[in-house]
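# Chains, contacts and geometry: an overview
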Amino acid sequence: MSANVSRRQFLKISASLLAAAGFGGGVFERGGLLAGEPAVADGVRTIPTFCDICFWKCGAVAHVRDGKLWKLEGNPLDPLCRGRLCPRGTGGVGAHIDPDRLTRPLLRATVRGEEQWNAVSWDDALGFVAGKMEKIKAEHGPEAMALFSHGIGGTFLKQLMKAYGTPNLAAPSFAQCRGPRDVGFRLTFGEDPGSPERTDIANARCLVLIGSHLGENMHNSQVQEFAQAVASGCTVICADPRMSTAAAKATWWLPVRPGTDTALVLAWMQVLVAEKLYDADYVARFGHGFEQFAASIAGCTPEWAFVETGIRPEVIRDTAREMARHRPATLVHPGRHSNWYGNDAQRSRAIALLNALLGSWGRKGGFYTPAAMDLPDYPHPPYPKPSRPKVDNPGKRYPFAHETITTGIREATITGKPYPIKGWMVYATNLMHALPNEAETIAAIRNLDLLAVCDVIPSETAGWADVVLPECTYLERYDDLNPELFREPFIGLRQPVVPPPHEQKPNWWIARELGLRLGLQDHFAWNDIEDYLGTRLAKGGYDFAQLKRDGIIRGAPQPIYFADGVQPEFPTPSGKIEFWSQQLADHGFDPVPRYEAPEANPPGTFRVLYGRAPMHSFSRTQTNPLLHEVMPENAVWVNAVEARRLGLRSGDRVRLRNQDGVLSDPVPVKATERIRPDCVYLVHGFGHTAKGLKRAYRKGASDAQLLTRYKTDPLMGGTALNMNFVTLETV
Amino acid sequence: MARLAMVIDTRLCVGCADCVVACKTENDVPEGFCRDWIVEQVQGAYPTPRLEIRSERCNHCDHPPCVGCCPTGASHVHRYGGVVLVDHDACIGCKACMAACPYDARFTNPKGYADKCTFCIHRVEKGQKPACVSVCPTHCMHFGDLDDPESEVAQLLRSRPNHALLPAAGTGPRVFYLT
Amino acid sequence: MDEITSTRMNHGIDPALHVWGWEIPVYLYLGGIVAGLMILAGYHILKAGRQQEKVSYPYAPVLGVVLLSLGMGALFLDLAHKVQVWRLYTTFAITSPMSWGSWILQLVYPALIAAAILHPPERVPFGQALLARVRGWSAWLHDRPRLVQTIGLANLGLGIALGIYTGILLGAFGARPLWNSAILGPLFLFSGLSTAAALMHLLAMVQRRGIDDDGYADALLAGVFRLMDPTHCRHIMMRFDASFLTIELAIIALWLIGLVSGSAVQQQAAALILGGAWTAAFWAGVVILGILMPLLLQGLELAGRIRHTVIPAILVLAGGFILRWVLVGAGQATGWN
Ligand SMILES: Nc1nc2c(c(=O)[nH]1)N[C@H]1C(S)=C(S)[C@@H](COP(=O)(O)OP(=O)(O)OC[C@H]3O[C@@H](n4cnc5c(=O)[nH]c(N)nc54)[C@H](O)[C@@H]3O)O[C@H]1N2
Ligand SMILES: Nc1nc2c(c(=O)[nH]1)N[C@H]1C(S)=C(S)[C@@H](COP(=O)(O)OP(=O)(O)OC[C@H]3O[C@@H](n4cnc5c(=O)[nH]c(N)nc54)[C@H](O)[C@@H]3O)O[C@H]1N2
Ligand code: SF4
Ligand code: SF4
Ligand code: SF4
Ligand code: SF4
Ligand code: SF4
Ligand SMILES: [Mo]
């Protein structure tokens with residue numbers, strides 16, 4: 001096997017994965033293609049693939065017994081999962097057997113949102129979508145179509161949309177997820193932490209978690225490494241208004257007042273600088289604007305931060321010294337879902353700077369430098385150049401947004417400005433749960449000529465669609481290859497392990513069929529998916545049969561730390577770590593992060609916080625029979641003393657009413673000592689209102705429904721969601 | 001004779017229930033039932049509560065009352081490892097064993113027989129670890145022979161503070177929790 | 001206070017153990033009555049021997065066979081794996097009270113049948129030929145006093161064993177603190193005796209009144225048992241009743257004292273009937289309705305202060321069932337956690 005490994009900057013990699021490669025030759029050679037025979041033992045066939053219950057893409061091995069999917073285990077060859085899946089991955093079997101699945105293409109029978117359907121043939125459904133898309137293109141131009149997608153399954157629809165001519169392709173993973181973090185880190189180091197994050201948790205001697213609730217946030221490798229770190233005695237410092245699972249394992253739990261983390265981080269940095277505990281050598285070699293930075297934070301003493309955060313000054317000092325003691329193996333975790341309070345890119349930048357002071361970027365136990373394997377694109381003609389720029393960020397009002405802002409497209413769809421959006425293709429994202437303020441999403445949908453939703457279950461968003469395209473689950477299809485950027489480079493293959501149970505089709509087939517109907521056959525020159533995958537692999541010099549058999553092709557391990565010879569590169573304007581940012585100053589923002597106090601709770605209310613449960617992914621797994629069983633509904637966490645004051649006991653059912661009068665479905669109370677008195681907490685993804693989701697219908701409360709207010713990050717357009725306040729009403 | 005036992009590190013367990021889901025698929029545990037489960041116990045008050053998370057299951061007790069009370073001998077101590085098992089065919093579904101187990105570890109399988117954790121003896125006899133142990137993403141579960149002083153479980157119990165559940169019930173549980 | 005949550009939600013096990021529904025209380029109840037009937041019959045056989053033709057409990061053994069079969073029917077209904085039921089009667093597990101029970105039950109049948117043969121009824125509506133045959137066996141038996149004595153002893157002994165077993169079955173569960181007491185054996189034994197006596201008492205009364213009485217239930221019972229030998233022994237039976245009930249009450253008191261002075265888990269378990277969910281059923285149903293009221297009423301009847309009715313007997317019978325029902329129900333809800 002020839003593994004062509006390259007180390008590239010994150011920016012370039014992500015760009016190249018998205019960007020159009022030039023039209024080129026390269027005829028697919030059948031010669032190298034032998035169907036990889038799956039292993040059979042005791043009448044059980046084992047077929048490797050990779051998981052899609054979240055976006056971590058762990059290698060899985062499916063065990064098929066008597067033609068039925070029996071179980072999923074981790075692929076031991078996969079460096080990402082190291083042979084172990086998370087509960088959702090293990091429970092992936094439930095996605096296949098879920099009786100609530102979509103089975104046939106559906107056309108809307110009555111008004112939007114009523115969930116009344118006529119089952120139609122694929123030909124009719126695709127004909128309908130293609131017809132509408134032609135009409136939109138003719139009347140409003142191709143840019144009037146937008147694609148919302150999430151995950152690797154969106155690849156072919158993205159290709160379709162680019163070929164069709166629209167630049168408006170967005171995922172909630174930016175403006176609702178890691179966008180602020182990525183921007184904060186890019187402004188500082190020139191690169192972002194990536195996904196999977198380049199965090200060297202396994203080797204950290206001191207791990208600082210700011211919100212990141214590893215263990216509930218079940219991103220597999222991180223949880224495995226977190227456990228490894230805890231087992232080896234790593235100091236864990238966890239700032240979270242709620243005693244998360246991770247906080248319960250921590251040496252220090254800092255129950256920080258919600259929204260005041262920037263003050264905490266600034267105070268930590270102030271201690272490191274004032275007590276000269278930072279990595280002066282590292283800062284001198286790689287830092288830019290340290291003096292201005294130091295001057296700017298000089299007043300951010302622990303005493304000052306105490307007033308804001310509620311964390312005692314001596315605790316701030318002790319934890320700062322502890323961080324310094326272990327540097328550079330002190331990892332201040334960058335977090336991931338970072339859309340909290342509207343100044344999130346700056347908070348993330350503060351976190352990046354704290355890491356810079358500790359010298360953890362590029363160092364063992366801090367942030368490693370990942371590598372990926374070279375994998376050429378499938379050759380295709382150049383995409384047409386859209387005649388109008390992306391609609392989401394007119395006039396670059398969010399100057400540092402480097403991806404498309406979902407909520408920007410939504411806004412344009414409502415206002416028609418800068419130009420109207422008339423069609424949405426929605427793939428594998430449940431916008432009703434993913435975007436804040438449901439009412440705005442519905443208002444936008446009302447302006448559409450076409451809403452096509454491709455999903456596996458009848459989600460809330462599918463409920464609003466004109467046409468629903470039922471996809472087969474990841475266990476029943478091929479997807480594009482995954483050349484992962486990780487500690488160690490590898491390519492992962494997703495391949496079908498069982499056939500789809502009904503008329504569901506894979507995304508590549510749907511995209512290609514639409515492409516053919518839209519006259520874009522040049523962009524879908526391949527005959528079928530194996531042709532496409534085989535060609536890419538052959539061009540890269542990899543063996544498809546081996547990949548089918550093993551699920552993984554690994555490249556040679558590369559050095560991943562500066563100390564091992566990785567060249568420190570900081571693709572910032574100064575080429576250094578920017579303690580002081582000219583870019584930010586140029587756009588009228590603070591060049592060094594400053595603390596902004598969060599809005600105070602209106603009297604008698606609790607701030608709504610939300611997060612993950614390890615056994616569920618967002619709003620997508622609640623009908624999965626296996627995962628439903630281990631957590632059938634969420635509960636609202638209420639501080640035990642507050643609960644007593646309100647006369648509530650664990651198990652009592654309440655409704656949450658937010659500041660705008662929105663009332664949640666009934667949800668049991670979890671009266672607990674594990675949360676501050678000023679906030680309540682819900683696991684995200686529950687409280688489904690789509691009638692087709694029978695198992696999950698109206699079980700628990702939806703955080704998304706309550707998040708009617710959001711604040712937009714001025715740097716990058718992310719929607720901060722921790723801005724809502726509720727009271728509790730007994731049912 | 002070996003005495004198989006499980007040792008679970010509560011410092012690492014994150015309560016993710018992977019062990020529960022893996023058991024369900026591995027052993028075709030019917031919907032609505034589980035052979036293992038997660039218990040979260042909080043002691044103390046805000047702002048300094050302590051949390052213990054445990055993955056619980058049948059303790060494969062040294063003195064299993066579920067075996068003693070079984071009228072048909074369906075519940076028995078397996079010849080290998082002292083694992084407490086139910087012979088599905090011999091079980092009449094009288095449920096005495098369920099009433100006898102202080103841990104409520106058993107249930108009636110809809111097919112009629114008493115069901116519970118088997119320590120995945122079908123895997124163990126092939127040299128594999130139990131499904132829950134092999135899946136746990138935090139590697140917090142350990143499995144082995146208590147009677148072998150060199151085994152991982154025996155060493156862990158010697159070197160780390162630990163407790164078992166309801167020792168006062170006197171059943172001699174063999175699932176231990178490191179603290 | 002500890003906050004505890006669990007993901008387990010096994011049907012029949014959570015939120016509280018509930019593996020046994022109505023079937024097991026019915027089984028224990030009927031088993032208890034049968035035990036009482038056997039003891040009364042055995043005692044009578046030993047005492048009266050062949051001399052006494054007119055026995056107080058001539059139908060006790062036949063009734064015993066019927067009630068036992070009903071009880072075993074209830075047990076069968078409870079079993080979740082019915083195709084395997086034969087194993088209950090073909091295996092003997094020495095440590096299992098349930099297995100002991102299954103063997104006691106298997107011995108009880110022949111003992112009851114033998115006792116029935118000893119005193120066949122005088123008249124039957126059908127099957128005269130069979131009655132003649134039985135009379136022949138009866139005479140054959142009566143010619144062999146040692147055998148008669150053995151049958152008496154067997155009924156007495158097996159009755160005691162059966163009565164105690166219905167209590168030990170629960171009492172042996174260390175996992176259920178409410179049950180876990182050896183005193184449940186005697187308690188169920190005496191409850192069985194009092195209910196058996198009450199049943200015989202009831203039947204005797206119903207029989208005496210005959211079908212021309214207006215009460216429908218009475219008439220029905222009288223119709224069914226019209227063949228019953230009309231003996232006028234209710235005073236004796238009342239005394240039996242009263243002493244059984246008094247002993248039962250004393251045992252309940254001892255049992256409760258044991259619980260509340262026991263370990264923390266036992267105290268917790270006792271709380272269920274001393275203020276918890278099962279308190280009303282236990283005190284109102286078992287103690288007041290099933291014991292104190294009948295004692296009072298029978299006392300007044302004996303003193304001639306009120307008319308003699310079937311009410312005390314019915315109360316005792318009801319109380320006996322409620323005792324099983326409360327114990328089976330509440331006991332399952334107790335545990336070590
Ligand atoms: N209120 C609130 N909003 C949030 C968050 C929050 O915590 N609270 N989290 C934010 C974050 S961090 C993120 S990353 C986003 C996530 O947002 P989304 O990616 O939209 O997540 P889900 O809500 O799970 O919606 C995924 C949809 O894809 C469908 N799906 C699953 N598998 C497949 C498949 O194989 N094919 C197809 N076609 N469809 C599939 C599911 O059925 C589901 O309807 O949400 C963001 N929004
Ligand atoms: N099981 C599971 N795992 C997942 C996912 C899933 O759906 N299911 N989704 C994945 C994805 S896409 C993402 S983005 C990540 C999200 O996971 P993370 O990046 O870990 O998300 P956070 O927003 O940090 O997590 C919420 C935590 O932040 C705390 N918090 C809330 N407000 C504040 C505050 O003001 N300050 C501080 N310090 N803490 C606060 C909450 O109490 C909660 O513990 O999870 C990933 N992992
Ligand atoms: S982290 Fe879990 S759900 Fe996500 S890909 Fe891996 S196994 Fe699947
Ligand atoms: S799989 Fe491991 S970490 Fe997860 S709950 Fe079970 S024992 Fe705990
Ligand atoms: S835990 Fe319960 S079922 Fe398991 S051996 Fe002990 S008593 Fe028996
Ligand atoms: S239910 Fe089965 S295993 Fe349990 S005691 Fe009865 S016969 Fe034995
Ligand atoms: S040992 Fe096997 S049967 Fe027991 S809980 Fe673990 S997976 Fe289930
Ligand atoms: Mo996310």
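Residues numbered from 1 in each chain as written. Chains lettered and ligands numbered in written order. Predicted model: local features only at pLDDT ≥ 70, side-chain atom pairs only at ≥ 80, totals over all residues. Heavy atoms only, no water.

## Re the overall build of chain B
Here is the rule we go by: Secondary structure elements follow DSSP: runs of H or I no shorter than four residues count as helices, runs of E no shorter than two count as strands, and numbering proceeds from the N terminus. Atoms counted for the radius of gyration: C-alpha only. Globule rule: 2.2 Å times the number of residues to the power 0.38. Burial status follows relative accessibility: with a 1.4 Å probe on protein chains alone, a residue under 20% of its type maximum counts as buried, one over 50% as exposed, and anything between as partly exposed. We call two residues contacting when some pair of their heavy atoms lies within 4.5 Å. Working definition of accessibility: Shrake-Rupley area with a 1.4 Å probe, residue cover restricted to the visible protein chains. Counting rule applied: Lys, Arg positive; Asp, Glu negative; His and chain ends not counted. Note that the charge is assigned to NZ on lysines, CZ on arginines, CG on aspartates and CD on glutamates.
In terms of regular secondary structure, chain B is built from six helices and ten strands. Taken over the C-alpha trace, chain B has a radius of gyration of 16 Å; the compact-globule value for 179 residues is 16 Å, and the two agree within 12%. For the C-alpha atoms alone, the extent of chain B along its principal axes is close to 50 × 35 × 30 Å. Classification of the 179 residues of chain B by burial places 71% in the buried group. By sequence separation, contacts in chain B at least 24 residues apart represent 57% of the contacts at least 6 residues apart. Per element, the accessible surface of chain B, about 5800 Å² overall, is 53% carbon and sulfur. In chain B, 18 positive and 20 negative side-chain charges are present, and the distance between their average locations comes to 1 Å.

## A look at the packing of helix α12 (residues 302–309) of chain A against helix α13 (residues 313–326) of chain A
All names here are of chain A. Heads up, the condition is: For helices, the axis comes from a line fit to the C-alpha atoms of the stretch in contact; other axes are also lines fit to C-alpha atoms, and the angle between any two N-to-C directions lies between 0 and 180 degrees. Left-handed is the label given to a crossing in which the near helix is rotated counterclockwise from the far helix by less than a right angle, and right-handed is the label when the rotation is clockwise. Any residue outside Ala, Val, Leu, Ile, Met, Phe, Trp, Tyr, Cys, Pro, Asp, Glu, Lys and Arg is labelled polar, Gly included; the first ten of those are nonpolar and the last four are charged.
Here α12 crosses α13 at 115 degrees, and the two axes come no closer than 8 Å. Where α12 crosses over α13, the two elements pack in a sense that is right-handed. Taken together, the residues of α13 that come into contact with α12 (itself represented by Pro-302, Glu-303, Ala-305, Phe-306 and Thr-309) are Pro-313, Ile-316 and Arg-317. Broken down by class, the residue content of the contact of α12 with α13 amounts to five nonpolar, one polar and two charged.

## Notes on the confidence of the model for chain A
Caution applies to low-pLDDT parts of the model: their predicted coordinates are not meant to be read in detail. Definition in use: Every residue gets a pLDDT, meaning the predictor's confidence in that residue, from 0 to 100.
Confidence in the prediction for chain A averages 94 pLDDT; 95% of positions are at 70 or higher. Segment residues 1–36 of chain A: pLDDT under 50, and 81 contacts once partners within four positions in sequence are set aside and those in other chains are kept.

## Let's talk about the sheet that holds strand β1 (residues 3–6) of chain C
Worth spelling out the cut-off: When DSSP finds two or more bridges between a pair of strands, those strands are recorded as paired.
Read across the sheet, three strands follow the order β3(B)-β2(B)-β1(C) without closing on themselves; strand pairing throughout is antiparallel. Across the chains shown, the open sheet's two edge strands, defined by having one partner strand only, are β3 (50–57) of chain B together with β1 of chain C. Sheet twist, expressed as the mean angle between neighbouring strand axes with direction ignored, is 15 degrees. Inspection of the sheet shows strand β2 (residues 36–43) of chain B paired to β3 of chain B by eight bridges, in the antiparallel sense. Bridge pairing in β3 of chain B places Trp-37 of chain B opposite Glu-56 of chain B. Strands in contact with helix α1 (residues 18–26) of chain B are β2 and β3 of chain B; relative to β2 of chain B, the strand with the most contacts, it is inclined by about 165 degrees.

## What about the confidence of the model for chain B?
A residue-level look at chain B finds 100% of positions with pLDDT of 70 or above and a mean pLDDT of 97. In the model output, the complex is listed with pTM 0.93 alongside ipTM 0.93.

## Re the interface of chain A and chain B
Where we set the bar: When two parts are put together, the accessible area they lose, computed with a 1.4 Å probe and summed over both, is reported as buried area. Each salt bridge in this description consists of a side-chain nitrogen of Lys or Arg and a carboxyl oxygen of Asp or Glu lying within 4 Å of one another.
Counting from both sides, the interface comprises 40 residues of chain A and, opposite them, 37 residues of chain B. Taking both sides of the interface into account, the surface hidden between chain A and chain B amounts to around 3000 Å²; carbon and sulfur atoms contribute 57%. The largest contributions to the chain A side of the interface with chain B come from Arg-84, Glu-629 and Glu-673 of chain A, which together make up 21% of the buried area. Across the chain A-chain B interface, the total number found is six salt bridges.

## Things to note about the interface of chain B and chain C
Between chain B and chain C, the residue contacts involve 41 residues of the former and 35 residues of the latter. Both faces considered, chain B and chain C share a buried interface measuring about 3200 Å² in area, 55% of it formed by carbon and sulfur atoms. There are three salt bridges connecting chain B and chain C. A salt bridge links Arg-176 of chain C to Asp-104 of chain B; the shortest N-O distance between them is 2.8 Å. Tallying contributions element by element places β2 of chain B first for the side of chain B that touches chain C, with seven residues. Split by residue class, the side of chain B that touches chain C holds 26 nonpolar, nine polar and six charged. Judged from the four bridges that link them, β2 of chain B and β1 of chain C form a sheet pairing that is antiparallel.

## With respect to the pairing of strand β10 (residues 175–178) of chain B
A regular strand places its side chains on the two faces of the sheet in alternate fashion. All names here are of chain B. Residues Val-175 and Tyr-177 point to one face of β10 and Phe-176 and Leu-178 to the other, with burial holding for every one of them. Across four bridges, strand β1 (residues 4–9) lies against β10 in parallel orientation. Opposite Ile-8, over in β10, you have Tyr-177 as the bridge partner. Two strands pair when backbone bridges link them, and strand β9 (residues 162–164) and β10 are joined in this way by three bridges, in the antiparallel orientation. Paired with Ala-164 across the bridge in β10 is Phe-176.

## Focus: the packing of aromatic side chains
Residues and elements named next belong to chain A. Our working definition: Aromatic rings from Phe, Tyr and Trp, taking only the six-membered ring of Trp, are treated as a pair when their centres fall within 6.5 Å; an angle between ring planes under 30 degrees marks them as stacked, one over 60 as edge-to-face, and anything in between as tilted. Placement of a positive charge over a ring is assigned whenever Lys NZ or Arg CZ falls within 6 Å of the ring centre and within 35 degrees of the normal to the ring plane.
Inspection of every chain in the model, using the stated rule, returns 40 aromatic pairs over all chains. With centroids separated by 5.8 Å and ring planes inclined at 65 degrees, the aromatic side chains of Phe-524 and Trp-526 adopt a geometry described as edge-to-face. Phe-524 sits in the buried class, given a relative accessible area of 2%. Pairwise contacts between aromatic rings join Phe-156, Tyr-378, Trp-508, Phe-524, Trp-526 and Tyr-532 into one cluster. Over the ring of Tyr-681 we find Arg-242; its NZ or CZ atom is 3.8 Å from the centre of that ring. Above the face of the Trp-509 ring, Lys-505 is positioned so that its terminal group lies 4.8 Å from the ring centre.

## Things to note about the sheet that holds strand β18 (residues 467–470) of chain A
Residue and element names in this part refer to chain A. The strand order β7-β6-β18-β17-β16-β8-β9 describes an open sheet built from seven strands, whose pairing is mixed. Each having just a single partner strand, β7 (117–119) and β9 (169–170) make up the two edges of the open sheet. The sheet contact formed by strand β8 (residues 145–149) and β9 spans two bridges and is parallel. Along β9, the bridge assignment pairs Leu-147 with Leu-169. Running over the sheet, helix α5 (residues 155–164) touches β8, β9 and β16 (423–427) and is turned about 165 degrees from β8.

## Section: the environment of Tyr-610 of chain A
All names here are of chain A. Heads up, the condition is: Two N or O atoms form a polar contact when they lie within 3.5 Å of each other; inside protein one atom must be a possible hydrogen donor and the other a possible acceptor, and for residues adjacent in sequence the pair counts only when both atoms belong to side chains.
With respect to the helices and strands, the residue Tyr-610 is situated in strand β23 (residues 606–611). Distance in space between the C-alpha atoms of Tyr-610 and Asp-66 is 42 Å, their sequence separation being 544 residues. Excluding anything up to four places from it in sequence, Tyr-610 contacts His-337, Asn-339, Tyr-681, Leu-682, Asp-703, Leu-707, Leu-721 and Asn-722. A polar side-chain atom of Tyr-610 sits 2.8 Å from a polar atom in the side chain of His-337. In this structure the side chain of Tyr-610 is engaged in a polar contact, spanning 3.2 Å, whose partner is the side chain of Asn-722.

## Some points on the environment of Lys-694 of chain A
All names here are of chain A. In this structure, Lys-694 sits in the loop between β27 (679–683) and α25 (703–706). Among the residues examined, Lys-694 registers a relative accessible area of 61% and is labelled exposed. Residues Lys-694 and Gln-504 lie 190 residues apart in sequence; the distance between their C-alpha atoms is 19 Å.

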